[in-house]
Number of protein chains: 2
Amino acid sequence: MNRFSRSSIGGNTGDRVYAILREAIVTAELEPGRQLSENELAELLGVSRTPVRGALARLREDRLVAIVPQLGSFVTLISRSGVEDAAFVREALECAAIRLAAERITESGLEEIQANLAAQERAERELDVESFDLLDETLHRIICQQAGHEVAWALSRRANGHLDRVRRLSLPDSSYLTEMVSEHKSLVAAVAEGDPDRAETELRRHLRMVLSSVDQIRVRHPEYFEDE
Amino acid sequence: MNRFSRSSIGGNTGDRVYAILREAIVTAELEPGRQLSENELAELLGVSRTPVRGALARLREDRLVAIVPQLGSFVTLISRSGVEDAAFVREALECAAIRLAAERITESGLEEIQANLAAQERAERELDVESFDLLDETLHRIICQQAGHEVAWALSRRANGHLDRVRRLSLPDSSYLTEMVSEHKSLVAAVAEGDPDRAETELRRHLRMVLSSVDQIRVRHPEYFEDE
DNA sequence: TCATGTGCACTAGTATACAAGTACGTCAGG
DNA sequence: CCTGACGTACTTGTATACTAGTGCACATGA
């Protein structure tokens, strides 16, 4: 226990504000293009402008918010290139990670993954999308952990703003959940068998699934998109 | 020209403070483990605490600074795992990018790269390490640009704090520059020939070179390192 | 001598006050 | 009716004041 180990507790007002705003943006409760007034948000959340400003600055790094000096802060519009960038980053990081995971996976790591998959099947049966999203995220985190580079997951998650929005905006039907679980099972199987090439292939296909729903959403919400 | 296009000008005090502090940390002018007082930095730079706080928050995301509430902010120590994480991220992103670049490179892109290489050789002859570092960075950026995902370079650069420090701490001799230029030439050649596999292999080897100097630096500056 | 408590000087977190800049409506004049 | 200048109401950027928590030194008592 040194003085650095306490450095990321995350119980501050600023962290809370960041989490709330990020969730609101990703679920499009704060829709793309919307103006965010620091004053308004501060009042709404019952805090001062300072933590709000900090949260907006972090969201800017996530590319979820654009801050124009002396003019305003805005939820970024969805753009094809933005989504493709996020997909690229996620693919690069997680594919590299899953290769390592397939080589290094431990017994307890596999057990953890199996438990996660079981819970995913439960969530699928009960159509509990919220739980499923959480389990999905956890699965990817475990894989990065097992690869020895959890940082890959953290970065992947952060670069992921546009992807998350697209995913959350597309109304997931039951076939979506079924498909996802099935893909998760295949790629976990490849990891369990210690086959990096197949694991990478499966993951790549899995990650590209989200991309396909972009156009579908653009049709439904053209006002959320940047014309390019 | 819409209202989003003005969002990243970067002429603010906060951005300036961030750039200054990052440079100071990367060059170890602010050495690993050193405590950074917001008040002290603010006074030193002739600004208030507000922009300093913002800069420190960003540096925390870069893992160059650890902020401990009610205790202080510190330049992070160098750790093997931190360096390996950074190397992993950079490898994953830039290798994925160079594969695309090898497939998509344009005529003008190649010309730009050749000009960069020529400048590198000049810098090598004149032992102008500072210019060389800049050209090195630019080369990697151009490659990511040509891949259509400049975001990869931006992320790679940010995740790169620990690597940069290690690189800047190791006194580069002329053989180092010679080696680097030679490696750059090989990987550019692979890109020019449109050979993604070879380009990736060359880049991977190139990026791992930095890693080898970690132990050398640890011997010289054990106090900069985290005991693990 | 050693252990313990207490105060002080420091820290970051937050709230507020002020400065600088932008957009837009309004009103006067051609 | 159209055009242009001005004022107002907003925005973010920065500086400062205040709050709460930490560690450390020093005094005090056993």
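K.L.:
Provide a residue-level description of the domain arrangement of chain A, including the pertinent values.
P.N.:
All names here are of chain A. Structurally, chain A comprises domain 1 (13-75) and domain 2 (80-222). Just the C-alpha atoms count here: the centres of domain 1 and domain 2 sit 27 Å apart. Taken together, the contacts link 14 residues of domain 1 with eight residues of domain 2. For the pair domain 1 and domain 2, the summed buried surface comes to about 920 Å²; carbon and sulfur atoms form 46% of the total. Considering only the surface of domain 1 that becomes buried against domain 2, R22, V26 and D62 emerge as the three largest contributors, covering 47% of it.

K.L.:
I'd like a description of the protein's contact with DNA strand C, backed by residues and values.
P.N.:
In the region of DNA strand C, 24 residues are neighbours, and T13(A), S48(A), T50(A), S37(B) and R53(B) sit closest. The sugar and phosphate moieties of DNA strand C supply 65% of its atoms located within 4 Å of the protein. In the model, a base oxygen of DNA strand C is placed 2.9 Å from a nitrogen or oxygen of the R49(B) side chain. Among the secondary structure elements, those contributing two or more residues to the surface near DNA strand C are α1 (13-26) and α3 (49-61) of chain A together with β1 (35-36), α2 (38-45), α3 (49-61), β2 (65-68) and β3 (72-75) of chain B. A total of three residues in the surface near DNA strand C trace back to one element, the largest contributor, which is α3(A).

K.L.:
An account of the protein's contact with DNA strand D is requested, with residue identities and associated values reported.
P.N.:
Surrounding DNA strand D, one finds 25 residues, the nearest of these being R53(A), Q70(A), T13(B), S48(B) and T50(B). Restricting the count to atoms of DNA strand D within 4 Å of the protein gives a sugar and phosphate share of 68%. Here a phosphate oxygen of DNA strand D sits 3.3 Å away from a polar atom, N or O, in the main chain of E38(A). At 3.2 Å from a phosphate oxygen of DNA strand D is found a side-chain nitrogen or oxygen belonging to S73(A). For the surface near DNA strand D, the element with the highest residue contribution is α3(B), accounting for three residues. Its residues assigned to classes, the surface near DNA strand D comprises eight nonpolar, twelve polar and five charged.

Conventions used here
Residues numbered from 1 in each chain as written. Chains lettered and ligands numbered in written order. Predicted model: local features only at pLDDT ≥ 70, side-chain atom pairs only at ≥ 80, totals over all residues. Heavy atoms only, no water. Domains from an automatic or database assignment. Contact = heavy atoms within 4.5 Å. Buried area = accessible area lost by both parts, 1.4 Å probe. Near = heavy atom within 4 Å. Polar contact = N/O pair within 3.5 Å; in protein donor to acceptor, adjacent residues only side chain to side chain. Helix = DSSP H or I, 4+ residues; strand = E, 2+ residues; numbered from the N terminus. Nonpolar A, V, L, I, M, F, W, Y, C, P; charged D, E, K, R; others polar.

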